[in-house]
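Now for the letters of each chain:
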Amino acid sequence: MGRVPYWNISYGIVIDLLAAPVFAIFLYGLYGHWKHIKQGKAEIVLGSRLRSSALKIGPVYLGVLLQKGILGSRIYKKLFTGIAHGLLFWGMGLLLLGTIAVFLDVLFDVPVFRGVFNRWFMSFVLDAAGLAAFAGVLFLLIRRLMFPPERLFVPKPRPGFVFMEVVIGVIILTGFLLEALRISHNGFEEGAFV
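Residues numbered from 1 in each chain as written. Predicted model: local features only at pLDDT ≥ 70, side-chain atom pairs only at ≥ 80, totals over all residues. Heavy atoms only, no water.

### Overview of the overall build of the protein chain
At step 1: The number of helices and strands found in the protein chain is 6 helices and 2 strands.
At step 2: In the protein chain, the order of α-helices and β-strands from amino to carboxyl end is α-α-β-β-α-α-α-α.
At step 3: Each of the 194 residues in the protein chain was classed as buried or not, and the buried ones make up 25%.
At step 4: Considering only intrachain contacts with a sequence separation of at least 6, the fraction spanning at least 24 residues in the protein chain is 59%.
At step 5: By element, 73% of the accessible surface of the protein chain is carried by carbon and sulfur atoms, the whole surface being about 13600 Å². (Helix = DSSP H or I, 4+ residues; strand = E, 2+ residues; numbered from the N terminus. Buried < 20%, exposed > 50% of the residue type's maximum accessible area, 1.4 Å probe, protein only. Contact = heavy atoms within 4.5 Å. Areas by Shrake-Rupley, 256 points an atom, 1.4 Å probe, with all protein chains shown as cover.)

So, in structure tokens, the structure goes:
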């Protein structure tokens, strides 16, 4: 028997559907940035030698987008902070892919909870991603609480980060707790290790 989506949660699809307005707000924010850039009201800075106020697509721009925008090369200048941000970002990105896979299983009966994909991605990779994201957010939270921004030479402290780090940590921990309850009720799940 394969894993059951939304185990022990009534109307679990509603929870995922609540993400739709959040995603719409995110896309609207991106659209607002795009409009400012296209109208010349914002400048795109692509490294020290390349600046453009008009949006052009080309291999150099796509390379910089990949390097700075997606891989986030600037955050790795501070080694441990960069690694923590990377663990959090890529861990949450993989967990998002897992959530999308569950959504596809529920809506379109895509077999994500069966066979090799379930064992290696839905169990092993997502456990590793959750662990990586938790390690990243825990490091960032400890760093922010033990070494406040004034001691880190940041121009001005940014409020709200501690709250968000705690919320993300709690979400990850409750995900692991729910997985543990599911495994204790249904039996061992191959690939799951946390």
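After presenting the structure, the write-up continues.
### Topic: the packing of helix H5 (residues 115–146) against helix H6 (residues 161–186)
At step 1: Running from N to C, H5 and H6 point in directions that differ by 150°, and their axes come no closer than 9 Å. If you check the angle between H5 and H6, you find them roughly antiparallel. Crossing hand, H5 versus H6: left-handed. Residues Asp127, Gly130, Leu131, Ala133, Phe134, Val137, Leu140, Leu141, Arg144 and Leu145 of H5 touch H6, and the partners they reach there are Phe161, Val162, Glu165, Val166, Ile168, Gly169, Ile172, Leu173, Phe176 and Glu179. (Axes fitted to C-alpha atoms, helices over the stretch in contact; angles between N-to-C directions. Parallel < 35°, antiparallel > 145°, perpendicular 65-115°, else oblique. Left-handed = near helix turned anticlockwise from the far one by under 90°.)

### Re the side chain of aspartate 105
At step 1: Examined against the element boundaries, aspartate 105 turns out to sit in helix H4 (residues 79–108).
At step 2: Buried charge without a salt bridge: aspartate 105, with arginine 114 as the nearest opposite-charge side chain at an N-O distance of 4.5 Å.
At step 3: With near-sequence residues (within four places) excluded, aspartate 105 lies in contact with Pro5, Val110, Pro111, Val112, Phe113 and Arg114. (Lys, Arg positive; Asp, Glu negative; His and termini not counted. Salt bridge = Lys/Arg side-chain N within 4 Å of Asp/Glu carboxyl O.)

### As for the pattern of salt bridges
At step 1: In the structure shown here, the tally under the stated rule is 5 salt bridges.
At step 2: Glutamate 165 is the salt-bridge partner of arginine 144, the closest N and O atoms lying 3.5 Å from each other. Residue arginine 144 is located in helix H5, and its partner glutamate 165 is located in helix H6; the two are separated by 21 residues in the primary sequence.
At step 3: Residue classification places arginine 144 among the buried positions, given a relative accessible area of 13%.
At step 4: The buried category is assigned to glutamate 165, whose relative accessible area is 7%.
At step 5: Glutamate 179 is the partner of arginine 182 in a salt bridge, and the nearest nitrogen-oxygen pair spans 3.9 Å. Of this pair, arginine 182 and glutamate 179 are both found in helix H6, 3 residues apart, which corresponds to roughly one turn of the helix.

### Structural notes on the confidence of the model for the protein chain
Atom-level detail of predicted coordinates should not be read off regions where pLDDT is low.
At step 1: Of all residues in the protein chain, 80% attain a pLDDT of 70 or more, and the chain-wide mean is 82.
At step 2: Mean pLDDT values for the elements of the protein chain range from 48 in strand S2 (residues 50–52) up to 94 in H5. (pLDDT = per-residue confidence, 0-100.)

### What about unusual backbone geometry?
At step 1: Here tyrosine 6, not a glycine, exhibits a phi torsion of approximately 55°, which is positive.
At step 2: Even without being a glycine, asparagine 8 presents a positive backbone phi close to 60°.
At step 3: With respect to the element layout, asparagine 8 can be found in the segment before helix H1 (12–17).

### Observations concerning the layout of surface pockets
A water-sized probe, rolled over the atoms, reveals where empty space remains.
At step 1: Its volume calculated, the largest pocket comes out at about 1600 Å³.
At step 2: Along the wall of the largest pocket there are 40 residues; nearest its centre are Asp16, Leu95, Leu96, Gly98 and Thr99.
At step 3: Counting only elements with at least two residues in the lining of the largest pocket, the list comes to H1, helix H2 (19–38), H4, H5 and H6.
At step 4: No other element matches H6, which puts 10 residues into the lining of the largest pocket.
At step 5: Residues belonging to the lining of the largest pocket are distributed by class as follows: 28 nonpolar, 7 polar and 5 charged. (1 Å grid on protein atoms, 1.4 Å probe; cavity = no way out; pocket = protein on both sides within 12 Å on 5 of 7 lines; lining within 4 Å. Points joined across faces, edges and corners; volume = space filled by probe spheres on them. Nonpolar A, V, L, I, M, F, W, Y, C, P; charged D, E, K, R; others polar.)

### Regarding a nonpolar patch on the surface
At step 1: Together, Leu66, Ile70, Leu71, Ile75, Tyr76, Leu79, Phe80, Ile83, Leu87, Phe89, Trp90 and Phe139 make up an exposed nonpolar region whose accessible area comes to about 1100 Å².
At step 2: Counting only elements with at least two residues in the nonpolar patch, the list comes to helix H3 (59–70) and H4.
At step 3: Broken down by element, the nonpolar patch gets its largest block of residues, 6 residues, from H4.
At step 4: Leucine 87 gets classed as partly exposed once you look at its relative accessible area, which sits at 34%. (Patch = residues over 30% accessible without salt bridge, like charges linked within 9 Å, V, L, I, M, F, W, Y side chains within 5 Å.)

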